[in-house]
Amino acid sequence: MYIPTAFEEHRPGELQRVLREHPLGALVTHGPNGLDANHIPFELDEATGPHGTLRAHVARANPVWREVPADGADVLVIFQASEAYISPNWYPSKPEHHRHVPTWNYQVVHAHGRLRVMDDERFVRGLVARLTREHEQRSLQEKPWKMGDSAPEFIDGLLQAIVGIEIEVTRLVGKSKLGQNREERDRLGAAAGVAGLGNVEAAEAMRGAGGA
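Residues numbered from 1 in each chain as written. Predicted model: local features only at pLDDT ≥ 70, side-chain atom pairs only at ≥ 80, totals over all residues. Heavy atoms only, no water.

Caption draft 1: Quick peek at the layout of surface pockets. As a volume, the largest pocket reaches approximately 220 Å³. Taken together, 13 residues make up the lining of the largest pocket; nearest its centre are Phe42, Glu43, Leu44, Glu134 and Arg138. Elements supplying a minimum of two residues to the lining of the largest pocket: helix H1 (12-21), strand S4 (43-45) and helix H3 (121-138). The element best represented in the lining of the largest pocket is H3, accounting for 7 residues. (1 Å grid on protein atoms, 1.4 Å probe; cavity = no way out; pocket = protein on both sides within 12 Å on 5 of 7 lines; lining within 4 Å. Points joined across faces, edges and corners; volume = space filled by probe spheres on them. Helix = DSSP H or I, 4+ residues; strand = E, 2+ residues; numbered from the N terminus.)

Written as structure tokens, this is what we have:
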């Protein structure tokens, strides 16, 4: 990933925040048929190793897990956070010299690591329970759904149809392109324009980018 110095995101807390708050990652693998990408919600375990461990599950019918060698495989998972189109009309300095063009602001994190297949019912059951609990809470359910709400034989059948994966993260590479290369008034003007379109997350990230 090309990262100009102004946009390099090196804060560990911010890198892991993106993974936590935007858990749908694009798992990029290289198998016998070349490059492949699968979009999967991940769980981040920050307590394991310097960069944490990612866990997820895939359909048993998905060939991606069968293509992993017994000793694991090097993979890349791409996480995208806030993003927004930026119009030059939002820059207060535009009328002064008319030397601005449109751009796109965004935050992404690339997680590099070693993938292992976890074809284990206990692993998968625990993972599904944790993912469900986390995202039922995030979706503000008055009565969060849990696996016990369904018939045991139904859940058992579904669990048999999925396979767990675990990725020991060895490196996190982040890019926060949020207008740090602009004058503060232009960065804040663009943030106000983005906020006016309802993109609160991107606007807040841009406002906080002055010290990034």
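Now, onward.
Caption draft 2: Up close: the packing of H3 against helix H4 (residues 152-160). Two elements in contact, H3 and H4, have axes whose closest approach is 10 Å; the angle formed by their N-to-C orientations is 110°. On the basis of the axis angle, H3 is roughly perpendicular to H4. Considering how the two elements wind past one another, H3 and H4 form a crossing that is right-handed. In this structure, H3 uses Glu121, Val124, Arg125 and Val128 to contact H4, whose residues at the interface are Ile155, Asp156 and Leu159. Here the residues of the contact of H3 with H4 are counted per class, giving 4 nonpolar, no polar and 3 charged. (Axes fitted to C-alpha atoms, helices over the stretch in contact; angles between N-to-C directions. Parallel < 35°, antiparallel > 145°, perpendicular 65-115°, else oblique. Left-handed = near helix turned anticlockwise from the far one by under 90°. Contact = heavy atoms within 4.5 Å. Nonpolar A, V, L, I, M, F, W, Y, C, P; charged D, E, K, R; others polar.)

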